[in-house]
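Topology and contacts: notes
Read off the chains here:
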Amino acid sequence: MLNVHNLTCARGGVPVLSDVGFTVEAGQALILRGPNGVGKTTLLRTLAGLQPAIAGDVICPDDESAYASHADGIKTALTVAENLQFWADVYGQGRRFAPFSVLEVALSAFDLFDLRNRMGGTLSAGQRRRLGLARLGVIGRKVLFLDEPTVSLDRASVKLFADWLRAHLAAGGIAVIATHIDLGLDAPELELTPFKSALDAGGGTDEAFL
Amino acid sequence: MIALLLRDLRLAVRAGGGFGLGLAFFLIVVVLVPFGVGPETELLSRIAPGILWVASLLAALLSLDRIFALDFEDGSLALLATSPLPLEGAAFMKALAHWITTGLPLTIAAPMLGFLLSLAPEAYFYLLVSLLIGTPALSMIGTFGAALTVGLRRGGLLLSLLVLPLYVPTLIFGAEAVRRGADGLDPTGALVLLGGITAGTFALLPFATAATLRINLR
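Here is a short report on the structure shown in this document.

What counts, and at which threshold
- Residues numbered from 1 in each chain as written.
- Chains lettered and ligands numbered in written order.
- Predicted model: local features only at pLDDT ≥ 70, side-chain atom pairs only at ≥ 80, totals over all residues.
- Heavy atoms only, no water.
- Pairing = 2+ DSSP bridges.
- Helix = DSSP H or I, 4+ residues; strand = E, 2+ residues; numbered from the N terminus.
- Axes fitted to C-alpha atoms, helices over the stretch in contact; angles between N-to-C directions.
- Contact = heavy atoms within 4.5 Å.
- Buried < 20%, exposed > 50% of the residue type's maximum accessible area, 1.4 Å probe, protein only.
- Arc of directions from axis to C-beta.
- Parallel < 35°, antiparallel > 145°, perpendicular 65-115°, else oblique.
- Left-handed = near helix turned anticlockwise from the far one by under 90°.
- Nonpolar A, V, L, I, M, F, W, Y, C, P; charged D, E, K, R; others polar.
- Phe/Tyr/Trp six-rings, centres within 6.5 Å; stacked < 30°, edge-to-face > 60°.
- Lys NZ or Arg CZ within 6 Å of the ring centre and 35° of its normal.

**Description of the sheet that holds strand β4 (residues 55-59) of chain A**
Strand pairs in the sheet, formed through backbone hydrogen bonds, run parallel or antiparallel to each other. All names here are of chain A. Taken in spatial order, the 3 strands line up as β2-β1-β4 in an open sheet, and their pairing is antiparallel. Bordering the open sheet on either side are β2 (14-24) and β4, each of which pairs with just one other strand. Strand-to-strand, the axes of this sheet are offset by a mean angle of 25 degrees, without reference to chain direction. Pairing of strand β1 (residues 2-11) with β2 involves 7 bridges; the strand directions are antiparallel. Its bridge partner lying in β2, Cys9 is registered against Leu17. On the sheet, helix α1 (residues 40-48) packs against β1, β2 and β4 and is oriented at approximately 120 degrees with respect to β1.

In structure tokens:
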């Protein structure tokens, strides 16, 4: 279960969202909505622990969360399979059971199996995105914070991703997703505009130096 | 953590510029010196320890800005920071990978270049040992500098300005050990201090590097 309580988060020392609160039960997803610049990415980065919250708590099971940003973190000089294997190893999933099986499942789920020996640098934007999403399949984390996961995906790939996500949720996973499109998930939506901080809500750009 | 080390080594070998560049730079700097100061073997053999150490220091500096910059640009640094791998461990492994791709080849190549500078025969052993002990400190200090400047555009020059003064103690004791070896004196003191610097940087700087990265990733 993910519980967010009175969360205030800032970008560049200026608060952008205040008093955000929601609860996501196991097996559920939450879709974050809001216009560009409202603070979806900032909220996700705060939830993932990349930046500290100004106020409020995030209650999330330890060592269960994973973050996927706009950038996919793909190494151009490694093959598709090597990229995935690296993340599986970092998350301690690499060789725990039958080697490569986790990898093969993730590769097939995102239709990357035929590309597994291609270099990361030769992939198209959509293929890179699919590889970035396939990373989520090999790291074995339950709580996912996804920032615009469907950027540069075609309709068929969006469906692949939605199917994978549905299976992940059915297995007790949690997902918080910032997206502008309809994924076809049966998930509640949270409009972030009402939580927008007043512009003069204190804090300065020199906060990082204090 | 081993996965990160292996990945970085694999990237260094495949993407090029890792193994070769620093080593080639080292070779060229050392070869240029005799052209500059003339062919007097006596003078060359006297300045050889200093030249070899300064050149390896500059060669190590060349590839520093790649340590974190590439990972920062493609987003994998943020993903690493949210992974179960502690950032301190990642910093340590990054420094180790940098040392294996630059410091270690430099150490192995240095005796051959010492021959070009007519280094005293007694000094070869101490050159090898001092570089072996000292170059890891160069990588670790450089990793810290790279973390400070990650995310800055054109941070390379700033990185050099930050890191070079921090290299001074390593340079002094490293070159001193070789000089003492060449003069037939006992270099133990200098080598022990050099080892102390390396041990100290590896004990403290991974934590400083991780803290710096966390601030830079905000």
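**Things to note about unusual backbone geometry**
All names here are of chain A. Not every positive phi belongs to a glycine, and Asn6 is a case in point at roughly 50 degrees. By the element assignment, Asn6 lies in strand β1. According to the relative accessible area criterion, Asn6 is partly exposed, its value standing at 40%. Even without being glycine, Asp111 reaches a positive phi, approximately 60 degrees. Within the secondary structure, Asp111 sits in the loop between α3 (101-109) and α4 (125-138). Look at Asp111 and you get partly exposed, because its relative accessible area is 48%.

**Some details on helix α8 (residues 156-166) of chain B**
All names here are of chain B. Turning to α8, its buried residues number three or more, namely Leu159, Ser160 and Val163. Taken down its axis, α8 places every buried residue within 100 degrees of arc, on the same side. The outward face of α8, more than 90 degrees from its buried face, is lined by the exposed residues Leu157, Leu161 and Pro165. Close packing links the buried residues of α8 with α3 (41-62) and α7 (123-149).

**Some words on the packing of helix α9 (residues 168-182) of chain B against helix α10 (residues 188-217) of chain B**
Residues and elements named next belong to chain B. Here α9 crosses α10 at 150 degrees, and the two axes come no closer than 8 Å. With respect to α10, the axis of α9 lies roughly antiparallel. Between α9 and α10 lies a crossing of left-handed hand. Along the contact surface, α9 presents Pro169, Thr170, Phe173, Gly174, Glu176 and Ala177, while α10 presents Ala190, Leu191, Leu193, Leu194 and Ile197. Partitioning the contact of α9 with α10 into residue classes produces 8 nonpolar, 2 polar and 1 charged.

**Concerning the environment of A:Val90**
Turning to its location among the elements, A:Val90 is positioned in helix α2 (residues 80-90). By relative accessible area, which is 10% here, A:Val90 ends up buried. Ignoring anything within four residues of it in the chain, the contact list for A:Val90 reads B:Ser83, B:Pro84 and B:Leu85.

**Points about the packing of aromatic side chains**
Aromatic ring pairs are described here by two measures, namely the spacing of the ring centres and the angle between the planes. Counted by the stated rule, this structure contains 4 aromatic pairs over all chains. Geometrically, the ring pair formed by A:Phe86 and A:Trp87 is edge-to-face, given 4.9 Å between the ring centres and 65 degrees between the ring planes. Classification of A:Trp87 by relative accessible area gives buried; the value is 3%. Look at B:Phe125 and B:Tyr126: their rings are 5.3 Å apart centre to centre, the planes differ by 70 degrees, and that puts the pair in the edge-to-face class. Classification of B:Phe125 as exposed rests on a relative accessible area of 54%. For B:Tyr126, a relative accessible area of 23% corresponds to the partly exposed category. The cationic tip of B:Arg7 hangs over the ring face of A:Phe86; the distance from NZ or CZ to the ring centre is 4.4 Å.

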